[in-house]
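Notes for the structure review
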Amino acid sequence: MIESLLVVNRGEIARRIIRTAKRLGVRAVAVHSEADAGLPFVTEADEAVCVGPANPAQSYRNVEAVLAAAKSTGAQAIHPGYGFLSENADFAQAVASSGLLWVGPGPDAITAMGDKINARNLMAAAGVPVAPGTTEPAADLTAAVNAAAEIGYPVMVKAAAGGGGMGMGIANDEAALRTEYDKVRAFAERMFGDGSVLIERYFPRVRHVEVQILGLADGRVVALGERECSVQRRNQKLVEESPSPAVTPELRSRLLAAAVRAGEAVGYRNAGTVECLLDPTTGEFFFLEMNTRLQVEHPVTELVYGVDLVEEQLRVAAGLPPTFDPDALTPRGHAIELRVNAEDPKRFLPGPGAITTWTEPTGEGVRVDSGYVAGNTVTPFYDSLMAKLIVSGVDRAEAISRARAAVAQFQLAGPKNNLPFFAELLDNPEFLSGDYDTGIVSRMR
């Protein structure tokens, strides 16, 4: 097993990785910005190094400072968590070139899946269903208009290098397309340094379902079930559950097999997620993108499959076999994750601030992965995620019941937070039925 690990992230995911590392006897080293010096992950690490000011480009995304921290602390491996440098192929290569172990997929897989058009084409060649769309970037507005006419409206205008629900627009007609194309292109150039745009069929009623895959050290790719991620605001997830209430055993078999093919197509190693759009009417699913990292919502898979995905990541990186039998993966029960954000529960606008009260819920089937404690301040420099409230039960009904109780117990004051929204959602008839789609939040508002 790896002996020392540098965690290049912050908040709840850094704390969560450190927890597993310490359980395994792995020395955990944290990097942090000046703004995060007082957060729990810094004090819980065996050693911590400040790598720069609050601006992520000068700290968490500062490759030179991060590699210097690895060298000065004698770290053997680097875990990037999610966001920041986690899907940066150049950084992954720099880590390997420095003689360190990279806890993630290889640079080639990151590059192959990082460009949405290239990824779509690779998946189509591997027999993974893809939605109708362009096979090369729409070079200009005329090309976009012609592509949309061929695909049929409505269409999604997407940044080819985008991710995380960013860089997307919906066009119901040519006039809207002309507006959205310019907006998405400008956003993509500003945020990703790549203005390439693709045009894809947009499905007005659709579910967002993803599959957790793990590329093992021996070359095999296995699937650890699916997650339902359709409760979203601004195309960004708020709630995830596993298994999906929309997926039948027959559909699950096809979905998981396609995800494995996707991983095999790029020689995938370590943890990754194959995201798909599911048409609830026809049961058809289409490849959306592949996230070449650990997902925010990985805990629901851990609870249903009884595995520690961070431990499995470390084992793959070290060339070790998994702790489980890949041929005997058996899901048990149901799990739901609620993303507790520092945001207005009505309009979901960020609401950072000092935390005056923080009391986490406890009880059977309740897990909280948090990045803060009372006395900390949620700053405006980073994502608004404060904690993940994860509940599990023998079935969906029990998980929902436990989620209601846990939300009521969670005492949080200071920053604005979305716990009131979750209380509303957990009593919403559409959510309770399991027959919901990505429009559920907009219908609630």
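In this report, we go over the structure that sits alongside the text. All values derive from a computational prediction rather than experimental measurement.

Before going further, it helps to spend a moment on helix H7 (residues 141–151). Residues Ala144, Val145, Ala147, Ala148 and Ile151 constitute the buried set of H7. Each buried residue of H7 sits inside an arc of 165° when the element is viewed along its axis, so together they form one side. Exposed and oriented more than 90 degrees from the buried face of H7 are Thr142, Ala149 and Glu150. In this structure, the buried residues of H7 make contact with strand S6 (155–159), helix H8 (174–192) and strand S8 (197–201). Between a side-chain oxygen at the N-terminus of H7 and the backbone nitrogen of Thr142 the separation is 3.2 Å; the capping residue is Asp140. Two residues or fewer after H7 comes Gly152, characterised by a positive phi angle close to 100°.

Attention now moves to the environment of Pro380. Tracing the backbone through its elements, the reader meets Pro380 in the loop between strand S18 (377–378) and strand S19 (385–393). What makes Pro380 exposed here is its relative accessible area of 63%. The spacing of Pro380 and Gly353 is 27 residues in sequence and 8.4 Å in space, taken between C-alpha atoms.

Time to look at the sheet that holds S6. Ordered by their spatial adjacency, three strands build an open sheet running S7-S6-S8, and the pairing between neighbours is antiparallel. In the strand order of this sheet, the two ends are held by strand S7 (168–171) and S8, each with one partner. Neighbouring strand axes in the sheet, compared pairwise and without regard to direction, differ in orientation by 25° on average. Alignment of S6 against S8, held across five bridges, turns out to be antiparallel. Looking at S8, one finds that Ala159 is bridged to Val197. Contacts from helix H6 (residues 116–125) reach S6 and S8 within the one sheet, and its direction differs from that of S8 by about 50°. Contacts between H8 and the sheet are confined to S6, S7 and S8, with S6 contributing the most and set at about 20° to the helix.

This next bit is on unusual backbone geometry. Cis geometry marks the peptide bond from Tyr153 to Pro154, where omega comes out at 0°. Relative to the elements of secondary structure, Pro154 occurs in the loop between H7 and S6. The phi torsion at Arg234 lies on the positive side, around 55°, for a residue other than glycine. Its place among the elements puts Arg234 in the loop between strand S10 (221–233) and strand S11 (236–242).

All right, on to the sheet that holds S11 then. Strands belonging to one sheet form pairs held by backbone hydrogen bonds; the direction of such a pair is parallel or antiparallel. Taking strand neighbours across the sheet as the criterion, the eight strands line up as S13-S12-S9-S10-S11-S14-S19-S17 in an open arrangement whose pairing is antiparallel. With partners counted over all chains shown, the strands left at the sheet margins are strand S13 (285–291) and strand S17 (366–370), one partner each. Neighbour-to-neighbour, the strand axes of this sheet turn through a mean angle of 25°, independent of strand direction. Across eight bridges, strand S14 (residues 334–341) lies against S19 in antiparallel orientation.

The rules behind these values
- Residues numbered from 1 in each chain as written.
- Predicted model: local features only at pLDDT ≥ 70, side-chain atom pairs only at ≥ 80, totals over all residues.
- Heavy atoms only, no water.
- Buried < 20%, exposed > 50% of the residue type's maximum accessible area, 1.4 Å probe, protein only.
- Helix = DSSP H or I, 4+ residues; strand = E, 2+ residues; numbered from the N terminus.
- Arc of directions from axis to C-beta.
- Contact = heavy atoms within 4.5 Å.
- Polar contact = N/O pair within 3.5 Å; in protein donor to acceptor, adjacent residues only side chain to side chain.
- Pairing = 2+ DSSP bridges.
- Axes fitted to C-alpha atoms, helices over the stretch in contact; angles between N-to-C directions.

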